[in-house]
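Observations on chain architecture
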Amino acid sequence: MTLSSDNLIGGARVTGAGTPWHAVAATSGAAIEPAFVSATAEQAKRACQLAEEAFDAYRETALTARAEFLEAIARNILDLGDDLVTRCMEETGLPRPRIEGERGRTVGQLRMFADVVRRGSFLGARIDPAQPERKPLPRPDLRLRQVAVGPVVVFGASNFPLAFSVAGGDTASALAAGCPVIVKAHPAHPGTSALVGGAIQRAVAECGLPAGVFALLFDDGIAIGQQLAADPRVAAIGFTGSRRGGTALMRTAAERAVPISVYAEMSSINPVVLFPAALASRGAEIGRAFIASLTLGSGQFCTNPGLVLAVDGPGLDAFLAAAAEALPGVAAATMLTPGIHKAYCVGVAALEANPAVTRVAQGQPGSAHQGQPALFATTGAAFLSDNRLADEVFGAASLVVRCADAAELHAVLAALEGQLTAALHMDEADHGQARALLPLLERRVGRILVNGFGTGVEVGHAMVHGGPYPATSDGRTTSVGSLAIDRFLRPVSYQDLPDALLPAALVEANPLGVPRSVDGGPAGV
C-alpha cells in the first residue's frame, strides 16, 4: 500500500511547506521514509473552515448513517492489513502482539460508539409536557436534548499510536457526538497516522458525508497545534500527553475571546496500596504480579503503577524480596521515542541521587534506546517531606513507600495530586481498613480497583479513564468508555416549539424511537 505523507484536508491530499522531516525508527534511531512536511497556517485555517461548514449538516445526520460511518472507519482500518502493523512497529518499537491488540481495541471502540449512536440514549431526551391548567401559573412545554458542541481538535498520543491517536477514543467519541474532527498527528508515528487518516477520509467519502468532517494535519513542532487551539471555529480539544503540553493548550484555550474546554490526560503515578492481611498471605505473589505490570510495554502506560504504599513489616519485606528477585530477569525494552527515553533516564537518575531513596532492584541493561526497569524504596516521612518523590517517571520505574503506620499511609495518600487509578490489594480481613480509605480515594482518583493493577483499561459503559487534576484537566469526564461522548455534547432546551419545528428526537410521535424521560421518569421509548 502506498503511504502518502500529505495532509488530509477537505477530502483531498494537500502537501505542506517548510523543511521536510522524518519519522525515526524506535529501535535504531534511523530516519524512515517518506519525508513529511508540516502543514501551513493557511492549511490549518482551511481545515477549521471546512469543519465549521460541515458541522450543521453532520450533527443532524440520521443516527443510523452516523453509526454506519463509524463502522466504515473500523472496516477500512482492518483493510489496511499488515501494512499498518509493520509501519507502526517500526515507528514505535512496540511488538506485533501489542500493535495487533491495540488495533482490535481501536476498531472495538468505533463499533461500540456506533452502537451508542444507534440506541440514541446519548441524546438525553427529556420532556416536561405542558400543564396549561396548573395554578398559580401554567407550565410551558419543555423538551431537552444534547447537541454536538462543534468542531473538535484531537492530538494524537505518543504511547498509543492507534487507540489514542488518529482514530482513537477521542476521535470516535467526537464523531459519534456529531462533531467534525481535525487531528494533529503525533510526529513520532506520522506514517501510522497517515494510514489511519486515509482510512477515515475514505469512510467520509463512502458514506457521502461533507468532506470537512475529518482532517489530518502534520507538524513536527507545536505551532500548528497552538493555532488549532486558538482558532475560533474549534469548540473543544482532546489531548493525551505530558502535563507541560496539556497545560499549554489549556492556557491557549482559556485566553481565547470565547474559551473552550480542553479534555487533557496528562500525568499520573497510580498508587498501589498493599493491606496487611493480603501481604501476610500472599506478599510474594503480589510482588511478582506487580513487576509484570510495572514492566508491561516498558512501563509506557498512563496507568503504570508508579507508587506502592504499605505499612512496614514482614509482609512488605516478602513483597519486596519477590519483586527484587523478579526484576533482574526482565529485559530492557525499546522506548517509544528518544525524547521519552531521555526523560525516563533523567527521572531514574533523580531517584538514584536522592539520599532518602534506596534502589531495590534493576532490570537488565539495554541499548541506547531501551529503558532499564528500576524499583526504589523510601519512607513515608521522607516522601511527605520531599514533593519531588511524587513526580511521574514515565516508564518502568516505581517507588515503594514504607509507611510507619496506617495514619502515615493515609497522610501519604492525602498528599498526592489527582490520579487516574488506585489499586488496592486486600483480603477480607483488610475490608475495614480499605473502607476507611475509600472516601479519600474517591476524592483523588477516577478508578478504584481491587487485587489488580490499573494497566488494563476495559472499554465499556462503566469505565472511567480520568481523574482530578493533573491526571486530567477535567475530572468530571472520561476518555475511555461510552461516557466519553458526553465531553462533546451540551444540552439545549426547547420551550413551546411547535411539533413541526422540533428536532426529530423530541417530536411527540418519537419517530427515531429514542429513549426519552417524561416528567422526570425513567427513560423509555
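Being a predicted model, the structure only gives us computed values, none of them experimental. (Residues numbered from 1 in each chain as written. Predicted model: local features only at pLDDT ≥ 70, side-chain atom pairs only at ≥ 80, totals over all residues. Heavy atoms only, no water.)

1. Digging into the UniProt feature "domain: Aldehyde dehydrogenase" (unreviewed entry) in the chain
Within the UniProt annotation, "domain: Aldehyde dehydrogenase" (unreviewed entry) is assigned to residues 38–458. The distance from the first to the last C-alpha atom of residues 38–458 is 35 Å, and the span holds 47% helix and 18% strand. (UniProt positions renumbered as here; feature names shortened; annotations may be inferred. Helix = DSSP H or I, 4+ residues; strand = E, 2+ residues; numbered from the N terminus.)

2. Focus on the sheet that holds strand β6 (residues 142–148)
What links the strands of a sheet is backbone hydrogen bonding, and the strands pair in either a parallel or an antiparallel sense. The strand order across the open sheet formed by four strands is β21-β6-β5-β22, and the pairing between neighbours is mixed. Two strands in the sheet have a free side with no partner beyond their single neighbour: β21 (489–495) and β22 (516–518). For this sheet the average axis-to-axis angle between neighbouring strands, irrespective of direction, equals 20°. Where strand β5 (residues 125–128) and β22 come together, three bridges link them in parallel fashion. Residue pairing for β22: Ile 127 is matched across the bridge by Val 518. (Pairing = 2+ DSSP bridges. Axes fitted to C-alpha atoms, helices over the stretch in contact; angles between N-to-C directions.)

3. Some details on the sheet that holds strand β18 (residues 397–403)
As summarised here, the arrangement of the seven strands in space is β15-β17-β18-β13-β12-β19-β20, forming an open sheet in which the pairing is mixed. Sheet topology places β15 (358–362) and β20 (445–450) at the edges, where each strand pairs with a single neighbour. Averaged over all neighbouring strand pairs, the angle between strand axes comes to 20°, with direction disregarded. Bridge analysis of β15 against strand β17 (residues 374–379) gives four bridges, and the strand direction is antiparallel. Within the sheet, the bridge partner assigned to Arg 359 lies in β17 and is Phe 376. Running over the sheet, helix α11 (residues 338–353) touches β15, β17 and β18 and is turned about 35° from β17. Of the strands in this sheet, β12 (271–274), β13 (307–311) and β18 are in contact with helix α13 (residues 406–415), which crosses β13 at around 160°. (Contact = heavy atoms within 4.5 Å.)

4. Describing the environment of Ser 293
When you line up the elements, Ser 293 lands in helix α9 (residues 276–295). Relative accessible area serves as the criterion here: at 6%, Ser 293 is assigned to the buried category. As a C-alpha pair, Ser 293 and Gly 452 span 159 residues in sequence and 9.1 Å in three-dimensional space. Setting aside chain neighbours within four positions, we find Ser 293 in contact with Asn 304, Pro 305, Phe 453 and Thr 455. Of note is the side chain of Ser 293, whose polar atom sits 2.9 Å from the side chain of Thr 455. (Buried < 20%, exposed > 50% of the residue type's maximum accessible area, 1.4 Å probe, protein only. Polar contact = N/O pair within 3.5 Å; in protein donor to acceptor, adjacent residues only side chain to side chain.)

5. Here's the deal with the environment of Ala 235
As for its position among the elements, Ala 235 is in the loop between α7 (223–230) and β10 (236–240). Taking relative accessible area as the criterion, Ala 235 reaches 22% and is therefore assigned partly exposed.

6. Considerations on the pattern of salt bridges
Tallied over the full model, the rule gives 22 salt bridges. In this structure, the salt-bridge partner of Asp 115 is Arg 119, at a minimum N-O distance of 3.0 Å. Taken together, the residues span about one helical turn, with Asp 115 and Arg 119 both in helix α4 (residues 96–119) at a distance of four residues. Since its relative accessible area comes to 31%, Asp 115 is described here as partly exposed. Residue classification places Arg 119 among the partly exposed positions, given a relative accessible area of 49%. Between Glu 417 and Arg 243 there is a salt bridge; the shortest N-O distance is 2.8 Å. Placement of the pair is Glu 417 in the loop between α13 and β19 (419–425) and Arg 243 in helix α8 (residues 243–255), with a sequence separation of 174 residues. Taking relative accessible area as the criterion, Glu 417 reaches 38% and is therefore assigned partly exposed. Since its relative accessible area comes to 32%, Arg 243 is described here as partly exposed. (Salt bridge = Lys/Arg side-chain N within 4 Å of Asp/Glu carboxyl O.)

7. Structural notes on α7
What α7 keeps buried is the set Ile 224, Gly 225, Leu 228 and Ala 229. For α7, the angular spread of the buried residues around the axis is 140°, confining them to a single face. Residues of α7 that are buried make contact with α1 (41–59), β7 (152–155), β8 (181–184), β9 (214–217), β10 and α8. (Arc of directions from axis to C-beta.)

8. Some details on the domain arrangement of the chain
In terms of domain boundaries, the chain breaks down into domain 1 (8–20 + 38–131 + 139–266 + 476–487) and domain 2 (271–450). For domain 1 versus domain 2, the separation of C-alpha centres amounts to 33 Å. The interface of domain 1 with domain 2 comprises twelve residues on the first partner and twelve residues on the second. Between domain 1 and domain 2, roughly 870 Å² of surface is buried when both sides are summed, and carbon and sulfur atoms account for 58% of that area. Taken together, the connections running from domain 1 to domain 2 amount to one salt bridge. (Domains from an automatic or database assignment. Buried area = accessible area lost by both parts, 1.4 Å probe.)

9. Section: the pairing of β9
Across the two faces of β9 the burial is the same, with Phe 214 and Leu 216 and Ala 215 and Leu 217 all buried. Relative to β9, β8 is paired through four bridges, and the arrangement is parallel. Bridge pairing links Lys 184 to Leu 217 in β9. For the segment spanning β8, helix α6 (residues 190–206) and β9, crossover handedness is right-handed. (Right-handed = clockwise from strand over helix to strand, strands pointing away.)

10. What about the packing of aromatic side chains?
A complete count under the given rule lists nine aromatic pairs for this structure. Above the face of the Tyr 58 ring, Arg 66 is positioned so that its terminal group lies 5.8 Å from the ring centre. For the cation-ring pair, Arg 98 lies above Phe 160, with the distance from its terminal atom to the ring centre recorded as 4.7 Å. (Phe/Tyr/Trp six-rings, centres within 6.5 Å; stacked < 30°, edge-to-face > 60°. Lys NZ or Arg CZ within 6 Å of the ring centre and 35° of its normal.)

11. With respect to unusual backbone geometry
Phi is mostly negative for residues that are not glycine, and the peptide bonds are mostly trans. A cis amide bond links Glu 33 to the next residue, Pro 34, at an omega of 0°. Checked against the element boundaries, Pro 34 lands in strand β4 (residues 31–36). Here the residue pair Tyr 469 and Pro 470 is connected by a cis peptide bond, since its omega of 5° sits within 30 degrees of zero. Phi angles above zero are rare outside glycine, and Asp 496 is one such case at about 60°. With respect to the helices and strands, Asp 496 occurs in the loop between β21 and β22. Judged by relative accessible area, which is 47%, Asp 496 ranks as partly exposed. Unlike most non-glycine residues, Asn 510 shows phi in positive territory, near 50°. Along the chain, Asn 510 turns up in the loop between β21 and β22.

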